[in-house]
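# Notes for the structure review
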Amino acid sequence: MDNAAKSVTLEPGLRDAIVALIGQLRLARDGNMPGQVRFNDEDPELKALAGLINDILGNVRSEVDHLQDVNRDLDALVRQRTAELEHAKTLAEIGSTQKSKFLAQMSHELRTPLNSIIGFAQLLLDSKKEHLSERQSKQVNHILHGGRHLLGLINDVLDLSMIENGKLDLNLEAVETESLISESIEMVRPLIDRDGLTFENRTDPDIELPGIRCDFLRAKQCLINLLNNACKYNTPGGTVWVETKAFKDDWVRITVGDTGIGIPEARQHELFRPFSRLGREETGIEGSGVGLLLTRLLLHAMGGMLDFDSDEGKGSRFWIDLPRTERPVSSETVLEMGPVEIEKRPQGVVLYIEDIASNVQLMRDMLGEYTDVQVLTAASAEEGIALALEQLPDLIIMDINLGGMNGIDATRYIKSVPSISNIPVFALTGDVQENTRARCEEAGVAAFFEKPIKVNAFIDAVCVVLDQRLGRFL
Ligand code: ADP
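Calculation criteria
Residues numbered from 1 in each chain as written. Predicted model: local features only at pLDDT ≥ 70, side-chain atom pairs only at ≥ 80, totals over all residues. Heavy atoms only, no water. Near = heavy atom within 4 Å. Polar contact = N/O pair within 3.5 Å; in protein donor to acceptor, adjacent residues only side chain to side chain. Areas by Shrake-Rupley, 256 points an atom, 1.4 Å probe, with all protein chains shown as cover. Nonpolar A, V, L, I, M, F, W, Y, C, P; charged D, E, K, R; others polar. Axes fitted to C-alpha atoms, helices over the stretch in contact; angles between N-to-C directions. Helix = DSSP H or I, 4+ residues; strand = E, 2+ residues; numbered from the N terminus. Parallel < 35°, antiparallel > 145°, perpendicular 65-115°, else oblique. Left-handed = near helix turned anticlockwise from the far one by under 90°. Contact = heavy atoms within 4.5 Å. Buried < 20%, exposed > 50% of the residue type's maximum accessible area, 1.4 Å probe, protein only. Pairing = 2+ DSSP bridges. Right-handed = clockwise from strand over helix to strand, strands pointing away. pLDDT = per-residue confidence, 0-100. Disulfide = S-S within 2.5 Å. Domains from an automatic or database assignment.

## Concerning the site of the ligand
- In the vicinity of the ligand, 19 residues are found, and the nearest of them are N229, Y233, R277, S288 and L292.
- One of the side-chain N or O atoms of R277 is found 2.6 Å from an oxygen atom in the ligand.
- A distance of 2.7 Å separates an oxygen atom of the ligand from a polar atom in the backbone of S288.
- Its free accessible area being 530 Å², the ligand has 98% of it covered by the protein chains.
- Among the residues making up the shell around the ligand, the classes are represented as seven nonpolar, eight polar and four charged.

Written out as structure tokens, the structure reads:
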């Protein structure tokens, strides 16, 4: 048997038919519409073949037609969905930007009257010139307490909105666990003492704790929140305790426990809902129901976690887990120096640029305690700069949100004019967004203070600057 391939010679008509078919199928494959095949041949067999090929091509054509229709529909659908998504995204972006702006603006607006409430109340309590009666100082203490509560709430809501919009700036660093805990406990010590509670540190003293990676101030805020709750929801003669340990190689767990009223099991699922107080609003215990939510979100933002368990009538345990890290260099050497005792006898000329009359009055009253300090005021940046050039004050205190030129531009200008560029500028503002502080620092302010003003810290800073200007520290 001869197995060698035989070359077959096709009839010329058949060969043409096959070539035509291949050509048309190629067109169809490449997405083009196939046409018709025609032969100039009267052979009935070839005619039948052409008919068959055209039938096949007809089928291919309608299939291609159909696919193109589907493709077109899909394309239109994808375009429509993309447009809808983009629209929704834009609206969400506008919404969240506007919400952030609104909240920032709102917080600023609320801080301005709070600056008066808290500032004047502090002045009334601390005034060395006029002493309040016992009844009056109790009442003023209520004003101060209410003002600070409101301020806390404004800060919490602003923090929540910053987290929600991804605008929270965190300074993640290696933190000494013991410092974090001891500083937080110090903050709640007055509450523990006031309520006659006992504090226990249940951390094993023989174990050296690793450092943790977190934003120190934010982690402290979380811990203070938990410690505050452990005091607030405690029972008379109760205990607040803290236990810290490293676990699972990579984590440090700080547990805050109390022997207080606990949380009913049926309501535990509401714990992290904003403004949910789980019925405690009727008990007279002060609160707003956002602290735990904020604490949890802050911890998540730092790569940590918050969890709890609680027995009604027996107490609760809340624990924070944060990633461990190497122990940072101890800050003891710096602390050993202790605070510098400042003798408050400031002298000099202070220029306050501020457009809200009650804030101006508060500053006058604050600095009015010191007879050697002269206070000049200007209600706009332009007026302030003119006064600074004329009077060469020792310190400029600058509000930031001024009508006309704002405080940041004014500072920048002051720093560019040689005759006044060396005058220290303090920024004092209710706009506490992180970028405002950064912009003020970049413009050259010597210090940044938030409204409501912390009177003592502010006066201390003013004294230091005026003393330096007098050459007392030089
Ligand atoms: P706030 O204390 O301002 O109401 P939180 O968000 O801190 O807000 O807490 C929400 C609620 O959880 C509280 O109102 C209280 O009912 C409950 N809660 C929180 N901590 C404790 C605790 N340690 N013991 C009992 N209940 C607690």
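## Regarding the packing of helix α8 (residues 357-368) against helix α12 (residues 455-470)
- Where α8 contacts α12, the axes come no closer than 11 Å and their chain directions differ by 65 degrees. Accordingly, the angle class assigned to the pair α8 and α12 is roughly perpendicular. Helix-helix and strand crossings are classified by hand; for α8 and α12 the assignment is right-handed. On α12, the residues touching M363, M366 and L367 of α8 are V455, F458, I459 and V462.

## Some points on the pairing of strand β8 (residues 348-353)
- Judged by how many residues are buried, β8 sits mostly within the fold: six of six residues are covered.
- Alternating positions in β8 separate into two faces, G348, V350 and Y352 on one and V349, L351 and I353 on the other, with burial throughout.
- Pairing of β8 with strand β9 (residues 373-378), which is carried by six bridges, proceeds in the parallel orientation. Note on β9: the bridge partner recorded for I353 is A378.
- In this view, the connection linking β8 to its parallel neighbour β9 by way of α8 has right-handed handedness.

## Details of the confidence of the model for the chain
- Put simply, the chain has an average pLDDT of 86, and 93% of its residues get 70 or more.
- Within the chain, strand β5 (residues 251-258) carries the highest mean pLDDT (97), whereas helix α7 (residues 332-336) carries the lowest (39).
- Low pLDDT, under 50, characterises residues 1-5; the stretch is placed with zero contacts to residues that sit more than four places away or in other chains.
- Per-residue pLDDT stays below 50 along residues 331-342; that stretch engages in five contacts with residues further than four places along the chain or on separate chains.

## Topic: the state of the cysteines
- This model, assessed by the stated rule, comprises zero disulfides.
- Of the cysteine sulfurs around C214, a residue in no disulfide, the closest is that of C222, at 8.9 Å.
- Overall, C214 belongs to the buried group, its relative accessible area being 0%.
- The thiol of C231 is not disulfide-bonded; the next cysteine sulfur, from C222, is found 16 Å away.

## Quick look at the domain arrangement of the chain
- Per the domain assignment, the segments making up the chain are domain 1 (177-279 + 286-325) and domain 2 (348-469).
- When each unit is reduced to the centre of its C-alpha atoms, the spacing between domain 1 and domain 2 is 39 Å.

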